[in-house]
Every structure is written in structure tokens, then in C-alpha cells.
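What follows is each chain in one-letter form.
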Amino acid sequence: MRRRVVVTGLGVIAPNANNVDDFLLALRKGSSGLRHNEAMEESGFGCQVAGVPQGVDALAESLFDEGDLMAMNSGHRYAALAALEAWNDAGFERPARDDDAVDWNTGAILGTGIGGMDTTGEKVVPLVNAGKTRRLGSTAVEQVMASGISARVSGVLALGNQVTTNSSACSTGAEAVALGLERIRNGQAERMLCGGAEGASRYLWAGFDSMRVLCRGFNDEPEKASRPMSASAGGFIPAAGSGVLLLESLESAVARGARIHAEVAGAAVNCGGHRRGGSMTAPNPDGVRRCIEMGLRDGGVATGDVDLINGHLTATSADPNEVRAWAAALQREPGTLPVITSTKSMIGHGLGAAGAMECVATTLMLRHGFVHPALNCEDVHPEIEPHAASIPHTARELPELEIAVKAGFGFGDVNACVVLRKWNS
Amino acid sequence: MTREEVFERVIKILTPHAKDQEALASASDTTNILDGLKVNSARLVDVVLAFEDEFDLEIPDEDVDGVNTVGDCVSMILGKAS
């Protein structure tokens, strides 16, 4: 019999908040974390708005020593801070550096979509091109290797179970939760820190700007620039940050009297195979629909029981297709779709961290019984208009929420879906 | 530069890398950098780059091979500087 898995810790570094308490407030208020980005302007980006967590360096300096910080680029800092918050939130103490005990029952699956491009762009390429390779020092490799994200966290918390970094583009964060769920269910771990992180760097975002998939029309109004489900959506707003959920077996959580945020009822991951309209950059709608259906089946949740959708919803032309896929998967006619929102309307698109930050947001909405607003879509896209009544333009109190679904869809035609159930103790 | 001046500047450079700050506080010429101060061996290349910047020197990799203690660092730097 497979084991039940619950969320006992949350941590977040987001463009609109540096901890879970502030994130909860920001979600309720609909606070945007999107700002004009000077580096993007200097580099001639069409889009000059981004979501960058604020005040992170000061926070990191208060928690990590100078030697560690020398080897921690932005993604590492976000991941370590969010993981440490999740760990503390679950009731655990940070182990002392000179304590040799290893927690063999806890691991980490913390993904990243792109990796340490700030280190690559600001250090590796300039120094190597200038013939000064030896000046890179010892810290370049650990900052550009994809697994540096999870490896950094394992060192902070002395984790001894599986520690790895998954990478599935924009479905990375949700996929990490799905992978951690499976590991705990199978009895291979008691606890897994799951989520993802993405650094803040123009080098990371430049390719998307060149593809013309970033929003260019709201550079003078940053807080209006991320417009999922809007008729005037013109692309996504790049963002950075990290979200981490501590998943734990129910028996472990109960045995130690842990506070439970929610149950991870089910999850699914799949790929559309780059067929039926799917490609490296677009989803096969059948793949999206099937992923949602698989997640619900895995969680033993009927299509009619879903109360809240936190969509992938990036503010690109894929939004109408996504809403159609939700309606098809949940077998809902216009007017009956569950409330559907997009955290990206506030914090932008955190790429490999997106699903992770949004899983934290979804867990908070479920636990506290509300839905945060989907900002900037008062002019609902005409193809989404039949479902307009399901879109909250302001926060709504929904104390009856029982089931929330978060999905992420990524380049490569990959999909991930996480089904959360309210914990009624 | 006196030996004492160089010693102080070497200690300052080693500070962020030393995991044993108590040992660093009581360090002497004979203190071993890896075993005594618990500096991660991978970070020695960063320490050497910092020496180059601090003292405006070039330190070839082969000159670092015999450096084990804080005193070895000081002697190497004074030798290069002269």
C-alpha cells in the first residue's frame, strides 16, 4: 500500500516577498513584484520588465558565512534561503556546521530550468575570452553545474537521502514535487525538500526576448506587464526566485506532531511527444489534458471535485489552449469551470522556479481558504471569455476549498500536475 | 613590508575560507591551512588569487605546491615581493 504524503514546510523567495508570511499577504493583496529592469534596458531588450526578489543579499548575509556566499550565485541564494525557511517552518533546526550527523531519511529534489547563467555570463565567458581562465578560481563549476542548486541545500541541512536537480523547463518546479511524492510514497525517504530555483540574469532571459515571447508593450507600466488570460497579453515577464515544499510521509508527520499545510494527493508528469501541434516550444494539447487527468486519477480525485486551478498561464498565446485543456480534462462546460488564477500575473514567470513558487502559493490558498487575484485580465481574452466568471480579478475568500490543482507546462512539450487536498485535522 | 604585516593580511584573506574560526584567531606561522584552519582544499586557488590581488604578485601554480602553513604563505609572498 502506498503511503500518504503531506506538506509540512513551506519556503519562498519571490519577486513580491522574501518569506512565506509576506508571500501570503502579497497574494491576498494582489501585490505585484514586477519592476523596470535596467540591465535589460542597457542590453537592448524589447522587454524591460522583470520579477527579481528584493533584499535577498542582505538576508543571505545574515544566514550564510562569507566563504559560502562567495560560491553562491543568485539561484543558489534563492534555493538555500527558501529551503532553510521550509525546514524551519516544518519545525526542524538548522544543523550546526561542526555537527557530523547526516539525516539519511531526508533528501532534496530542487530543480532549475536554465541554471547558473549569471555566473556564466558575468564570469566564465568574459574571463575565458580574455585568456584569464585561471582567474575563475574554484567556485565557477559548482555555480554553473545544474545540480549546484540541490547540492548547496544538502550542505546547509546535512541531507543524506537522494539529492538531485531535475530540469524540465517551465514544468521543473511542479515536476520536482511529483518526483518527491513518488519517492516518499515508495518508502525510499521520509522527507523530501521539493521545488526549484532560477537565478536573476539578463543572460538567462535574453534568448526568450529574442524569440519575442516576452511582453514588450508595458515597459512603462511594469505592474501591468504580466497579463495572463488577457486579450492584451503580449508575452510573459521573466522572473527569478525559489519555492520549496517539505514533503513528508504522513506517519512521520503525525509521529512528530508536525503542523500539516496540505496533503499531496496526487501528481503526474508526461510529454506530448512533439506531435499534434506540440513542439520544442509548444504543448500538444492532448498531452496537457492527459497530464491533468493522470494527476487527478493518481490522487483519487473526481473531475467534479476540483475547486481551484492555479494554471501555468504565462500570458502568451498558449493561454486559451490551456484553459480549453483544463475544461476538457475536468469535463466542465463554460460557467462551471472551477475558479482559475495565475500567480504569474503578480510575480512573472520564474521558469524552473515557477511551478515551485506557485505550488507554495496554491498550498497557501488551500490552507487559508482563498484565491488570489489574476491581475491584469479585466479584458479577458475572447477565447477564454466563456469561462470569465471563473477568473478572480480580486482576492476571493473560499473557505470551502478542498481540492486545488497546480500544473506547469514547459518547452520540450513536457507537463507536470500536482493535486493538493486540504488537510482537515 | 614586515613579516608581521604580511601575516596579518594573509590571515584576513584566509578568514572567509576558514571553517575553524577559533583556530584562525590563534593561528601562528606553523598553523596548517587545511588541517588546522579547516579550509576546503578546493578553495586554495581562490586564496592564491587573493594573494596576487592583495600583494600585486604573480604566483605560478608550481610555487604553491609546497605551501602548507600560514608561515609558508608569508614566506612565499615576502620572497616574491623582494
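Calculation rules
- Residues numbered from 1 in each chain as written.
- Chains lettered and ligands numbered in written order.
- Predicted model: local features only at pLDDT ≥ 70, side-chain atom pairs only at ≥ 80, totals over all residues.
- Heavy atoms only, no water.
- Helix = DSSP H or I, 4+ residues; strand = E, 2+ residues; numbered from the N terminus.
- Rg over C-alpha atoms; globule rule 2.2 N^0.38 Å.
- Expected span 1.5 Å × (residues − 1).
- Contact = heavy atoms within 4.5 Å.
- Axes fitted to C-alpha atoms, helices over the stretch in contact; angles between N-to-C directions.
- Parallel < 35°, antiparallel > 145°, perpendicular 65-115°, else oblique.
- Nonpolar A, V, L, I, M, F, W, Y, C, P; charged D, E, K, R; others polar.
- Salt bridge = Lys/Arg side-chain N within 4 Å of Asp/Glu carboxyl O.
- Buried < 20%, exposed > 50% of the residue type's maximum accessible area, 1.4 Å probe, protein only.
- Pairing = 2+ DSSP bridges.
- Polar contact = N/O pair within 3.5 Å; in protein donor to acceptor, adjacent residues only side chain to side chain.
- Phe/Tyr/Trp six-rings, centres within 6.5 Å; stacked < 30°, edge-to-face > 60°.

S.K.: Which residues make up the overall build of chain B, and what values go with them?
M.R.: Across its full length, chain B carries five helices and zero strands. When the elements of chain B are put in sequence order from the N terminus, they spell out α-α-α-α-α. In terms of overall dimensions, chain B is globule-like: its C-alpha atoms have a radius of gyration of 11 Å, near the 12 Å expected for 82 residues. Referenced to the eigenvectors of the C-alpha coordinate spread, the extents of chain B come out at roughly 30 × 25 × 20 Å.

S.K.: Mind laying out helix 3 (residues 44–55) of chain B, listing which residues take part and the relevant values?
M.R.: All names here are of chain B. Helix length check: helix 3, at twelve residues, gives a terminal C-alpha distance of 16 Å against a target of 16 Å (1.5 Å per residue), a fit within 8%. Buried-residue contacts for helix 3 involve helix 1 (3–14), helix 4 (61–64) and helix 5 (70–81). Where helix 3 terminates, the next one or two residues include Asp56, which has phi positive at roughly 55°.

S.K.: Please provide a residue-by-residue account of the packing of helix 1 (residues 20–29) of chain A against helix 15 (residues 354–368) of chain A, values included.
M.R.: All names here are of chain A. Closest axis-to-axis distance for the helix 1/helix 15 pair is 10 Å, and the angle between their directions is 75°. Considering their axes alone, helix 1 and helix 15 lie roughly perpendicular with respect to each other. Here Val20, Phe23, Leu24, Leu27 and Arg28 of helix 1 lie close against helix 15, whose contacting residues are Met357, Val360, Ala361, Leu364 and His368. When grouped by side-chain class, the residues that make up the contact of helix 1 with helix 15 number eight nonpolar, one polar and one charged.

S.K.: So what's going on with the pattern of salt bridges? Residues and values would help.
M.R.: Residues and elements named next belong to chain B. Using the criterion set out here, one finds 35 salt bridges over all chains in the structure. Measuring nitrogen to oxygen at the nearest pair gives 3.3 Å for the salt bridge that ties Asp29 to Arg3. Of this pair, Asp29 sits in the loop between helix 2 (21–25) and helix 3 while Arg3 sits in helix 1, placing them 26 residues apart in sequence. Note on Asp29: relative accessible area 32%, which makes it partly exposed. Notably, a salt bridge pairs Arg9 with Glu54, separated by 2.9 Å at the nearest N-O pair. Residue Arg9 is located in helix 1, and its partner Glu54 is located in helix 3; the two are separated by 45 residues in the primary sequence. We classify Arg9 as partly exposed; its relative accessible area is 29%.

S.K.: Can you lay out the sheet that holds strand 5 (residues 163–164) of chain A for me, pointing to particular residues and giving the numbers?
M.R.: Two orientations exist for strands paired in a sheet by backbone hydrogen bonds: parallel and antiparallel. Residue and element names in this part refer to chain A. The ten strands are arranged 5-4-6-7-1-8-14-13-9-10 in an open sheet whose pairing can be described as mixed. The open sheet terminates on both sides in strands that have one partner only, identified here as strand 5 and strand 10 (339–341). One ladder, built from three bridges, connects strand 9 (residues 308–310) with strand 10; its direction is parallel. What sits directly across from Leu308, in strand 10, is Val339. Packing against the sheet, helix 12 (residues 285–299) makes contact with strand 8 (262–271), strand 13 (403–410) and strand 14 (414–422), and its axis sits at approximately 145° to strand 8.

S.K.: Before we move on, can you summarise the interface of chain B and chain A with the specific residues and values?
M.R.: Contacts between the two partners involve twelve residues from chain B and, on the opposite side, 13 residues from chain A. Between the two partners, chain B and chain A, sit seven salt bridges. Here Glu52 of chain B makes a salt bridge to Arg134 of chain A, at a shortest N to O gap of 3.0 Å. Our count for the contact surface shared by chain B and chain A stands at ten residue pairs in polar contact (both at pLDDT 80 or more). For the side of chain B that touches chain A, the element with the most residues is helix 3 of chain B, which contributes five residues. Of the residues contributing to the side of chain B that touches chain A, the split by class is five nonpolar, one polar and six charged.

S.K.: Hey, could you go over the environment of Asp63 of chain B for me, with residue numbers and the actual values?
M.R.: Residue and element names in this part refer to chain B. Along the chain, Asp63 turns up in helix 4. As for Asp63 and Met76, which are separated by 13 residues in sequence, their C-alpha atoms are 8.1 Å apart. In contact with Asp63, not counting residues within four places along its chain, are Met76 and Lys80.

S.K.: Lay out helix 8 (residues 148–157) of chain A in plain terms, naming residues and giving numbers.
M.R.: Residue and element names in this part refer to chain A. Of all ten residues in helix 8, eight are buried; the element is thus mostly enclosed. Looking only at helix 8, the buried set comprises Gly148, Ile149, Ser150, Arg152, Val153, Ser154, Val156 and Leu157. If you follow the buried residues of helix 8, they end up packed against helix 4 (66–69), helix 5 (74–89), strand 4 (106–111), helix 7 (140–144), strand 5 and strand 6 (191–198). Just downstream of helix 8 lies Ala158, where phi reads positive at about 55°.

S.K.: Describe the packing of aromatic side chains, and please don't skip the residues or the numbers.
M.R.: Residue and element names in this part refer to chain A. As enumerated under the stated definition, the model contains three aromatic pairs over all chains in all. Ring geometry for Phe208 and Phe236: centres 5.5 Å apart, planes at 70°, overall edge-to-face. Note that Phe208 is positioned in helix 10 (residues 202–210) and Phe236 in the loop between helix 10 and strand 7 (241–249), a separation of 28 residues in sequence. In this pair, the class of Phe208 matches that of Phe236, namely buried.

S.K.: Can you tell me about the side chain of Thr341 of chain A, naming the residues and giving the values?
M.R.: All names here are of chain A. With respect to the helices and strands, the residue Thr341 is situated in strand 10. On the basis of relative accessible area, Thr341 is assigned to the buried category, the value being 0%. Within the local environment of Thr341, its side chain forms a polar contact with the backbone nitrogen of Ala374, the two atoms lying 3.4 Å apart. With residues up to four places along the chain from it excluded, the contact list for Thr341 reads Met229, Leu308, Ile309, Asn310, Gly311, Leu313, Met365, Val371, His372, Pro373, Ala374 and Pro392.

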